[in-house]
Amino acid sequence: MRYLAITAAAVAALWVAGFGWFLATLPAWETSQHLKADGLAVLTGGQGTRIKAGARLLADGAAPRMLISGVGPDVSDGEIMKIARAEPSLFGCCVALGREAASTIGNAHEIAAWAGAHDMNSLIVVTSDYHMPRSLALLRDRLPDADLVAYPTSAPWGSRSIAWARPRYMFRIATEYNKYLATRARLAILS
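This text gives an overview of the structure that appears in the document. (Residues numbered from 1 in each chain as written. Predicted model: local features only at pLDDT ≥ 70, side-chain atom pairs only at ≥ 80, totals over all residues. Heavy atoms only, no water.)

## Looking at the state of the cysteines
Thinking step 1. Tallying each qualifying case throughout the model produces one disulfide.
Thinking step 2. Shown here is the disulfide that connects Cys93 with Cys94, its sulfur atoms set 2.1 Å apart. Judged by the torsion about the S-S bond (-70 degrees), the Cys93/Cys94 disulfide is left-handed.
Thinking step 3. Under the relative-accessibility criterion, Cys93 is labelled exposed at 55%. (Disulfide = S-S within 2.5 Å. Buried < 20%, exposed > 50% of the residue type's maximum accessible area, 1.4 Å probe, protein only.)

In structure tokens, the structure reads:
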């Protein structure tokens, strides 16, 4: 029983240390300026923040094309254009809506297929800061030779200091950390 308690305490300590590392290494929000890539890959979510950020990058010329991955089948093109606040002409020529992905794993498959179909060697990846580590891990597995540039947006709750003060936000980040650990383990087993 004593060994079980020691093992449980060691696992808990490792998890807490790892979670602290995860929080400390989350990428800064939208810090990269003057980015250039073959394409933009936006993972849906974040109350439209990610789509707006991707549309701004596209309008600024960061890439000639953008995929919004994980668009629900019941969401119209017009709704996405309204969220993006982009010019219809820009949307018509340069934006693809991926409607197949229902998970981050699905996003990685959808983005990799799109990038491959357009011979893209570099992508700017747009998603929330706390979601970026898992998204990049999955994308690197699917696109090992591509140059992936993180363009994190703020999480729906805003400042990380606010997240610390609100248990439901910390629970959400902890859940994402657990998903990240599971993804890393899955990728390690499959490689």
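## Details of the side chain of Arg50
Thinking step 1. Within the element layout of this structure, Arg50 appears in helix H2 (residues 49-59).
Thinking step 2. In this structure Arg50 is buried but unpaired, with Glu176 as the nearest side chain of opposite charge at 7.4 Å.
Thinking step 3. With residues near it in sequence (within four places) discarded, Arg50 still touches Val42, Leu43, Thr44, Gly45, Val126, Thr127, Ser128, Tyr130, His131 and Thr153. (Helix = DSSP H or I, 4+ residues; strand = E, 2+ residues; numbered from the N terminus. Lys, Arg positive; Asp, Glu negative; His and termini not counted. Salt bridge = Lys/Arg side-chain N within 4 Å of Asp/Glu carboxyl O. Contact = heavy atoms within 4.5 Å.)

## Details of the environment of Arg65
Thinking step 1. As for its placement among the helices and strands, Arg65 is situated in the loop between H2 and strand S2 (66-69).
Thinking step 2. Arg65 gets classed as partly exposed once you look at its relative accessible area, which sits at 37%.
Thinking step 3. Taking the C-alpha atoms as reference points, Arg65 and Ala115, separated by 50 residues in sequence, lie 10.0 Å from one another.
Thinking step 4. A polar side-chain atom of Arg65 sits 3.4 Å from a polar atom in the side chain of His118. (Polar contact = N/O pair within 3.5 Å; in protein donor to acceptor, adjacent residues only side chain to side chain.)

## Points about the packing of aromatic side chains
By convention here, two paired aromatic rings are described through the distance between centres and the angle between planes.
Thinking step 1. As enumerated under the stated definition, the model contains six aromatic pairs in all.
Thinking step 2. Residues Phe19 and Tyr177 carry aromatic rings whose centres are separated by 5.5 Å and whose planes lie at 50 degrees to one another, so their mutual orientation is tilted. Pair noted here: Phe19 is in helix H1 (residues 2-24) and Tyr177 is in helix H8 (residues 167-190), with a separation of 158 residues, a long-range link.
Thinking step 3. The buried category is assigned to Tyr177, whose relative accessible area is 4%.
Thinking step 4. Pairing Phe22 with Tyr177 gives two aromatic rings, centres 5.3 Å apart and planes at 50 degrees, and the pair type is tilted. On the criterion of sequence distance, the pair formed by Phe22 in helix H1 and Tyr177 in helix H8 is long-range, its members being 155 residues apart. Each member of the pair Phe22 and Tyr177 is classed as buried.
Thinking step 5. Taken together, the aromatic side chains of Trp15, Phe19, Trp21, Phe22, Tyr177 and Tyr180 make up a single cluster linked through ring pairs. (Phe/Tyr/Trp six-rings, centres within 6.5 Å; stacked < 30°, edge-to-face > 60°.)

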